[in-house]
Protein chains: 2
Amino acid sequence: MADQIRIAIAGHGNLGRGVETAIQKNPDMRFVGIYTRRAPESVIPSLAGAPVFSMAELPGHAGRIDVLILCGGSKEDLPEQGPRLAALFNTVDSFDTHARIPEYFASMDAPALANERTALISVGWDPGLFSINRVMGEALLPDGATHTFWGDGLSQGHSDAVRRVPGVAAGVQYTRPVPEAVDLVRGASRPVLTPRQSHRRDCFVVLEDGADAEAVRQAIVTMPHYFDQYDTTVTFISAEEMENSHRAMPHGGFVIRSGNTSSTQTQVVEYSLKLDSNPEFTASVLVAYARATHRLHLSGQYGAKTVFDVPPGLLSPKSAAQLRAEQL
Amino acid sequence: MADQIRIAIAGHGNLGRGVETAIQKNPDMRFVGIYTRRAPESVIPSLAGAPVFSMAELPGHAGRIDVLILCGGSKEDLPEQGPRLAALFNTVDSFDTHARIPEYFASMDAPALANERTALISVGWDPGLFSINRVMGEALLPDGATHTFWGDGLSQGHSDAVRRVPGVAAGVQYTRPVPEAVDLVRGASRPVLTPRQSHRRDCFVVLEDGADAEAVRQAIVTMPHYFDQYDTTVTFISAEEMENSHRAMPHGGFVIRSGNTSSTQTQVVEYSLKLDSNPEFTASVLVAYARATHRLHLSGQYGAKTVFDVPPGLLSPKSAAQLRAEQL
């Protein structure tokens, strides 16, 4: 297609590979390259024949790329790369450090505005799709309560925390909603739930040789903030079992808004995700929002944006008239 | 509040009354009047003290109203009133004759554009929230299938059809998703389902004196399009039971998108509603979208719009900065 949207990625971890895969499901897009900090020849694209470039080449490639999807991490990569790249490209990223979003937004807004670029930040499912449902739930049912549950799923942050415990050779952590809590919330009783009442945490750990299992268990379950407020199980497994049974990255969750439109009438809105692969789904969300970012840019909407600023119709390859005729 | 959004309604049926109720949950809005084709003195507002005017006074009241919510029916009222009122006011309506949406859109777009007004059409939950989830589901998971289930709920159109059968004194119809079908769809197997496999229809009927129950039952279950493609039950009840047990208007349903991001990875997105009162919830949706309509108008976005054109953040009374800080 002559007018395909040209997409590139900066960074080639799980998320970047997911973007390469997702592009193949979107015929109105073309994948034009992987930009990496590693030696380009060491990177093996998921998409056969995809060109690999050094990150240093990006400034010279501004005319080749419609939207650059930033696939780096929120802690180190995005705060450093984001503002620099937002001056040169339309960008989409999955910045997910909730507390620092206003600061990151401001750091992206200035260079994007100054250079008439569009920078869509914090895209994915949380932040992202779940955020949309929190905002819409509250707006549609102002007299109500919102609950977000995560899981069953592999939590990257909590798995990292487990792996930092001395004596742990490998570890993963699954977050699971407590079914009784989900039922209460669906029943529209607006319960006030503690972390322990809402989620439990199940850890699978491979011990280092000679490590003290009970000491490791104690270090995990008492870890402040990460585990001490939850019922946590720790199961010790072999390296083989870790490799065979815990490589998938499932996730998901629910956003439930219950509220009253009048004293006797209760309404419940629920949005839920059940994901075999968290990075592939997140990448697929980034790609759909890259289409919207391209269109926002074409219509002169410059600066930093979030999913709250994106009309749903812009996500679809179909025209507004086609969507009205077929899907309204 | 000095800068409250001034909302009025045209039409005072279940939906109009729902809007009066919903406004009370939204302190940034003020209800400024009911406009009716009936004698104004015959209309009893739900909101104590709400002014009631004749529809004929609307043209003289353009300066008093920020958004006029059109609460008439899709069959007779909106096609006739809508275009006339869209020339004078920013409007929101719940036009729900899916097949005629493009035509209705065009009829609202021209007068709204010519007069620099914003006309948001087909708002509610289907068309409306469900439509958004159909479009987003398809955009986020292009390789997939979407299923919409309705119910358990009272269907207005099918209840009307039951009541038109000779011998029926009163009747209601409940649409119910077939649980096995819902399970199949949630399981991501992308089944192809017939109407009969997807929903069943349960009717409750009060017979007229002397009516032949079996003839009435046959007339209902064989009614083309409405019932013949479904498993339909007809239960005969007394006028008292109809009055006592079938006055509520519950509804709801699910939009489920399942798809593959790669050959082995399946993802399922589900949006569901469980509504005690269909008209109160629909009204609450209209009110939130009235806020968005006011803002679209303030930003110069004139003409007819649909929910696909509305960024989610515009539904919330909170500022964009507040939403980013608190809800992203």
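Scroll up to find the structure this text is about.
For the structure given in this document, a descriptive report is provided here. (Residues numbered from 1 in each chain as written. Chains lettered and ligands numbered in written order. Predicted model: local features only at pLDDT ≥ 70, side-chain atom pairs only at ≥ 80, totals over all residues. Heavy atoms only, no water.)

**Digging into the sheet that holds strand 1 (residues 5-10) of chain B**
Each strand in a sheet pairs with another by means of backbone hydrogen bonds, the pair being arranged parallel or else antiparallel. Residues and elements named next belong to chain B. The seven strands lie next to each other as 3-2-1-4-5-6-14, forming an open sheet whose pairing is parallel. Each edge of the open sheet is held by one strand with a lone partner, namely strand 3 (52-54) and strand 14 (303-305). Taken pair by pair, the neighbouring strands of this sheet meet at an average axis angle of 25 degrees, ignoring direction. Taken together, the three bridges between strand 6 (residues 118-120) and strand 14 define a ladder with parallel strand orientation. Residue pairing across strands places Ala119 opposite Ala304, the latter belonging to strand 14. Contacts from helix 1 (residues 14-23) reach strand 1, strand 2 (29-36) and strand 4 (67-70), with the element oriented near 165 degrees to strand 2. Helix 3 (residues 101-114) rests against strand 4, strand 5 (90-93), strand 6 and strand 14 of the sheet, and its axis sits at about 140 degrees to strand 14. (Pairing = 2+ DSSP bridges. Helix = DSSP H or I, 4+ residues; strand = E, 2+ residues; numbered from the N terminus. Axes fitted to C-alpha atoms, helices over the stretch in contact; angles between N-to-C directions. Contact = heavy atoms within 4.5 Å.)

**Description of the relation of the copies chain A and chain B**
Mapping chain A onto chain B calls for a rotation angle of 180 degrees and an axial translation of 0.0 Å; the resulting RMSD is 0.0 Å. Here the copies are linked by what is in effect a two-fold axis. (Least-squares fit on C-alpha atoms with pLDDT ≥ 70 in both.)

**What about helix 8 (residues 213-221) of chain B?**
Residues and elements named next belong to chain B. Within helix 8, the full set of buried residues consists of Val216, Ile220 and Val221. Projected onto a plane normal to the axis of helix 8, the buried residues spread over an arc of 120 degrees and lie on a single side. The N-cap residue of helix 8 is Asp212: its side-chain oxygen and the backbone nitrogen of Glu214 are 3.0 Å apart. (Buried < 20%, exposed > 50% of the residue type's maximum accessible area, 1.4 Å probe, protein only. Arc of directions from axis to C-beta. Polar contact = N/O pair within 3.5 Å; in protein donor to acceptor, adjacent residues only side chain to side chain.)

**Examining the interface of chain A and chain B**
Across the boundary between the two partners, chain A contributes 64 residues, which contact 64 residues of chain B. Both sides together, the interface formed by chain A and chain B hides about 5,600 Å², and carbon and sulfur atoms give 60% of it. The interface formed by chain A and chain B holds four salt bridges in total. Note that Asp143 of chain B is salt-bridged to Lys25 of chain A, the shortest N-O span being 2.6 Å. Remark: the boundary between chain A and chain B carries 31 residue pairs in polar contact (both at pLDDT 80 or more). The element that contributes the greatest number of residues to the side of chain A that touches chain B is strand 13 (residues 265-275) of chain A, accounting for 11 residues. When its residues are assigned to classes, the side of chain A that touches chain B shows 30 nonpolar, 21 polar and 13 charged. Pairing of strand 13 of chain A with strand 13 (residues 265-275) of chain B, which is carried by nine bridges, proceeds in the antiparallel orientation. Among the inter-strand pairings, Glu270 of chain A is bridged to a residue of strand 13 of chain B, identified as Ser272 of chain B. (Buried area = accessible area lost by both parts, 1.4 Å probe. Salt bridge = Lys/Arg side-chain N within 4 Å of Asp/Glu carboxyl O. Nonpolar A, V, L, I, M, F, W, Y, C, P; charged D, E, K, R; others polar.)

**Notes on the environment of Thr266 of chain A**
Its place among the elements puts Thr266 of chain A in strand 13. C-alpha separation for the pair Thr266 of chain A and Thr282 of chain A, spaced 16 residues apart in sequence, amounts to 33 Å. Leaving out residues up to four positions away in the same chain, Thr266 of chain A has contacts with Ala188, Gly259 and Asn260 of chain A together with Lys274, Leu275 and Asp276 of chain B.

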